[in-house]
Amino acid sequence: MKLRQILRSYFVFTKGERVGVMVLLVLIVLTILANQLIYYFERPTAADQYAFEQAVAKLHVGELASERAPLHLFQFDPNNIDSAGLAHLDLPVALKRNLLRYRAKGGRFRRAQDFRKLYGMNDSIFQLVRPFLIVNPPADENKNDIQEVSRRQYKSQDSLMISKSAYKQKELPVIIELNLASAEELEALKGIGPTLSKRIVKYRDLLGGFAFPEQLSEVYGVSPETVDAILPSVKTDTCYVKKIDLNFMNEKELSAHPYINFKLARKIVDFRSKNGYISNKNQLLSDSIVDKKLFQKLVYYLK
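What counts and what doesn't
Per chain, the residues get numbers from 1 upward, laid out in the order the sequence is written. In view of the model being predicted, local features appear only for residues whose pLDDT reaches at least 70, and side-chain atom pairs are presented and counted only at 80 or more, with totals across whole chains, interfaces and linings using the full set of residues. Each side-chain value is worked out from all heavy atoms of the structure, with water and hydrogens disregarded. By definition, any uninterrupted DSSP run of H or I lasting at least four residues is a helix, any uninterrupted run of E lasting at least two residues is a strand, and each is numbered from the N terminus. One less than the number of residues in a helix, times 1.5 Å, gives the span that helix is expected to have. Burial here depends on accessible area, computed with a 1.4 Å probe over protein chains only, as a share of the maximum for the residue type. Under 20% is buried, over 50% is exposed, and the range in between is partly exposed. Note that the arc is defined by the directions from the helix axis to the C-beta atoms. What makes two residues a contact is simply this: any of their non-hydrogen atoms within 4.5 Å. Here a cavity denotes a set of grid points, spaced 1 Å apart and computed over the protein atoms alone, in which a 1.4 Å probe fits but from which it cannot get out, and a pocket denotes an open set meeting protein on both sides within 12 Å along at least five of seven lines; residues with an atom within 4 Å of a point are reported as lining. Grid points are joined across faces, edges and corners, and a volume is the space filled by probe spheres set on the points. Pairing of aromatic rings covers Phe, Tyr and the six-membered ring of Trp, with a centre-to-centre limit of 6.5 Å; geometry is then stacked below 30 degrees between planes, edge-to-face above 60, and tilted otherwise.

J.: For this particular structure, what's the right way to read helix H5 (residues 93-104)?
T.: Think of an α-helix as 3.6 residues a turn; residues three or four steps apart then line up on the same face. If you check H5, its first and last C-alpha atoms are 17 Å apart, about what twelve residues at 1.5 Å a residue would give, namely 16 Å. The complete set of buried residues in H5 reads Leu95, Lys96, Asn98, Leu99 and Arg103. Axial view of H5: buried residues confined to an arc of 160 degrees, hence all on one face. Contacts made by the buried residues of H5 are with helix H4 (83-87) and helix H6 (123-129). Count one or two residues on from H5 and you reach glycine 106, which has phi positive near 95 degrees.

J.: Looking at this model, I keep getting lost on the layout of surface pockets. Mind explaining?
T.: Using a probe with the size of a water molecule, rolled over the atoms, empty space left in the structure can be pinpointed. Of the volumes computed, that of the second largest pocket is approximately 860 Å³. Surrounding the second largest pocket, 30 residues form its lining, Ala94, Arg97, Asn98, Arg101 and Glu214 being those nearest its centre. When residues of the lining of the second largest pocket are traced back to their parent elements, those giving at least two are H5, helix H12 (224-230) and helix H16 (292-298). By residue number, the principal contributor to the lining of the second largest pocket is H5, which donates seven residues.

J.: Would you take a moment to explain the packing of aromatic side chains for this structure?
T.: We describe a pair of aromatic rings using the distance from one ring centre to the other and the angle between the two ring planes. For the structure on display, the rule yields six aromatic pairs. Look at phenylalanine 76 and phenylalanine 115: their rings are 6.1 Å apart centre to centre, the planes differ by 70 degrees, and that puts the pair in the edge-to-face class. Taken together, the residues span a long stretch of sequence, with phenylalanine 76 in the loop between helix H3 (49-68) and H4 and phenylalanine 115 in the loop between H5 and H6 at a distance of 39 residues. Take phenylalanine 76: its relative accessible area is 5%, and that puts it in the buried class. Residue class for phenylalanine 115 comes out buried when judged on its relative accessible area of 1%.

J.: Can you walk me through unusual backbone geometry in this structure?
T.: The general pattern is negative phi for most residues beyond glycine and trans for most peptide bonds. Here serine 288, not a glycine, exhibits a phi torsion of approximately 60 degrees, which is positive. Mapping serine 288 onto the fold places it in the loop between helix H15 (283-286) and H16. Among the residues examined, serine 288 registers a relative accessible area of 57% and is labelled exposed.

J.: Teacher, can you tell me more about the side chain of histidine 257 here?
T.: Within the secondary structure, histidine 257 sits in the loop between helix H13 (251-254) and helix H14 (262-275). When sequence neighbours within four positions are dropped, the list of residues in contact with histidine 257 reads Leu206, Leu207, Ile244, Leu298 and Tyr301.

If you want it as structure tokens, here you go:
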């Protein structure tokens with residue numbers, strides 16, 4: 001009897017308690033309904049398009065500044081800088097090597113724009129380096145230029161005329177843009193037949209475009225001798241290079257690029273999951289996700 005009374009005291013509600021429970025249930029139901037119905041009456045405010053564009057512009061400028069900040073550049077003369085000075089310039093190794101080779105063969109730069117023609121140079125790098133170039137042609141070249149101008153001033157107009165027949169016989173060099181040329185057009189290059197031309201186009205599609213002509217050496221079957229022979233006849237414009245979006249591509253999409261294997265793709269995705277949005281592509285290098293040698297090639301393809 002006592003046990004029944006004890007149980008009743010815990011599990012039997014009084015009239016007032018029952019009313020309280022009912023009121024609480026009613027309030028819970030009303031709260032759920034209100035939470036669902038509020039979306040039918042809520043009207044979104046008009047978006048401020050101008051403010052949105054301003055915010056995007058500031059973000060873009062900030063990303064450009066953060067990407068360019070790590071570069072270590074200083075004023076230099078490409079005609080006189082030695083290998084020790086080049087070692088302190090934050091430029092691709094292949095570009096520095098080509099500069100030294102060009103000068104060793106007697107090549108000289110007469111103006112800053114000539115530096116753009118150096119093998120391995122592209123528009124992006126040249127825009128960053130251009131403000132630091134101080135081109136002073138050798139004294140003997142300046143003297144020869146003055147003598148040449150004086151000599152031409154005394155030449156008669158007839159001696160400067162070129163006959164139409166002679167002009168037709170003169171063949172002007174044709175420079176092929178690797179990122180736009182078809183397989184048939186590439187066959188015009190020395191040492192490139194139908195098979196190699198198709199391989200070049202296929203590899204170009206996998207890369208997303210060539211950032212510099214020396215990448216032809218990565219195509220299976222293209223020998224270093226062939227690359228050296230055709231370099232004067234080709235060029236690349238980085239505006240045709242397709243960029244990789246590190247923040248929205250999955251492992252399979254990332255690993256489709258020749259420079260990114262599946263292991264590296266997984267490291268990038270894991271880093272993105274742990275640290276959030278990758279705002280600066282230099283994070284891959286600073287956080288040791290890729291080594292410096294690979295980064296110097298991969299950087300052209302990163303947004």
